[in-house]
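Each chain, letter by letter, is given below.
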Amino acid sequence: MGEILVTGATGNVGREVVVQLLARGASVRALARDPETAGLPAGVEVVGGDLTRPDTLEEALAGSDTVFLIWPFLTTGGAPAVLEAIARHARRVVYLSSSGVDDGAERQTDPINQLHADMERLIEGSGPAWTFLRSNTIASNARGWAGQIRATDVVRGPDIAATAVIHERDVAAVAAHALTDDGHAGRKHVLTGPQVLGRADQVHAIGVAIGRPARFEKVPVEAARRQMLADGRPPALVEALLASAETRPGSDVITSSVEAITGRPARTFHSWAQEHADGFR
């Protein structure tokens, strides 16, 4: 087996994918815009490159026959050129998608799910064998609340429908199997945690973990828009996130995919909160 290239390797999921691939004895290469500051474990080859500039990917892709792809943008602009570069080298692509993608829908419920559906279509037509990891809400998103909880023990923001939140380490564990084992080509694995939780439930769990009562306070969408823009978030991202909050339906789907693929049950959000409690104190 050739090297496995991990994109998004300095992010919450990508970093875990690198760790778990190394633990499985795989030969791992990580793509980073700035290799000097990547801070990745010993044993991984960190190569400079930028998904916004497909011409910078050749060094990272040369000798890589498998790619873990995270697409961190709000549109598919630039994706065809990146996928063309990947197809020149790789025989397999594992893509981190969303559990909200509905194969039967002409249009998805919100811009973020639409992006993932569009990316899946492009990847299907790009050449290499593919696997889609349709992940539910990832627990590490809650890190964005740390400042508010440290300051006031109250998280204020738009509410979003409850889903079975998944630990990023479980997403990474499935990814490591899909990247190294046979039998995942053409599969769309829907990955969830073991319990459906709303934002209030997640904030409460963090409060339990830090030993202080913490609560979620729903903010009207207009007020949330003003605050997010004032915080300096890009307007396109603000609109995508608010569209998700307004239009994404709740989901009580809980799958057994994590346990079926990794051999161990999906971790709870409560365990995630305990592990990361220091970041919220």
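See the structure printed just above.
Throughout what follows, the structure given in this document is the object of discussion. (Residues numbered from 1 in each chain as written. Predicted model: local features only at pLDDT ≥ 70, side-chain atom pairs only at ≥ 80, totals over all residues. Heavy atoms only, no water.)

Things to note about the overall build of the chain
The number of helices and strands found in the chain is 11 helices and 11 strands. Relative to the 2.2 N^0.38 estimate, which gives 19 Å for 281 residues, the radius of gyration of the chain is 19 Å and therefore close to what a compact globule would have. Overall size of the chain, expressed as C-alpha extent along the three principal axes, is 50 × 40 × 35 Å. Here the chain holds 281 residues, and 49% of them are scored as buried. Intrachain contacts of the chain at a sequence separation of at least 6 include 75% that bridge at least 24 residues. Approximately 12,600 Å² of the chain is accessible, and the part contributed by carbon and sulfur atoms is 50%. (Helix = DSSP H or I, 4+ residues; strand = E, 2+ residues; numbered from the N terminus. Rg over C-alpha atoms; globule rule 2.2 N^0.38 Å. Buried < 20%, exposed > 50% of the residue type's maximum accessible area, 1.4 Å probe, protein only. Contact = heavy atoms within 4.5 Å. Areas by Shrake-Rupley, 256 points an atom, 1.4 Å probe, with all protein chains shown as cover.)

Section: the packing of aromatic side chains
One pass over the structure, following the stated rule, counts five aromatic pairs. Seen in terms of ring centroids, Y95 and F132 are 6.3 Å apart; in terms of plane orientation they differ by 85°. Their pairing is edge-to-face. Residue Y95 is found in strand 5 (residues 92–98), and its partner F132 is found in strand 6 (residues 129–135); the two are separated by 37 residues along the sequence. Of the two residues examined, Y95 and F132, each falls in the buried class. With centroids separated by 5.4 Å and ring planes inclined at 25°, the aromatic side chains of F269 and W272 adopt a geometry described as stacked. Taken together, the residues span about one helical turn, with F269 and W272 both in helix 11 (residues 269–275) at a distance of three residues. Classification of W272 as buried rests on a relative accessible area of 0%. (Phe/Tyr/Trp six-rings, centres within 6.5 Å; stacked < 30°, edge-to-face > 60°.)

Re the sheet that holds strand 1 (residues 3–6)
The parallel open sheet is built from seven strands, whose spatial order is 3-2-1-4-5-6-9. Of all strands in the sheet, those with a lone pairing partner are strand 3 (45–48) and strand 9 (188–191), marking the two edges. Averaged over all pairs of adjacent strands, the angle between their axes in this sheet comes to 20°, without regard to strand direction. Looking at chain direction, strand 4 (residues 64–69) and strand 5 are connected through four bridges and run parallel. For V67, the partnering residue across the bridge sits in strand 5 and is V93. (Pairing = 2+ DSSP bridges. Axes fitted to C-alpha atoms, helices over the stretch in contact; angles between N-to-C directions.)

Things to note about helix 7 (residues 199–210)
Between its first and last C-alpha, helix 7 extends 17 Å over 12 residues, near the 16 Å set by a 1.5 Å rise per residue. Where helix 7 is concerned, the buried positions are Q202, V203, A205, I206, G207, A209 and I210. Each element contacted by the buried residues of helix 7 is listed here: helix 5 (146–152), strand 7 (154–157), strand 10 (196–197), strand 11 (215–218) and helix 11. Where helix 7 ends, the next residue or the one after it, G211, has phi of about 80°, a positive value. (Expected span 1.5 Å × (residues − 1).)

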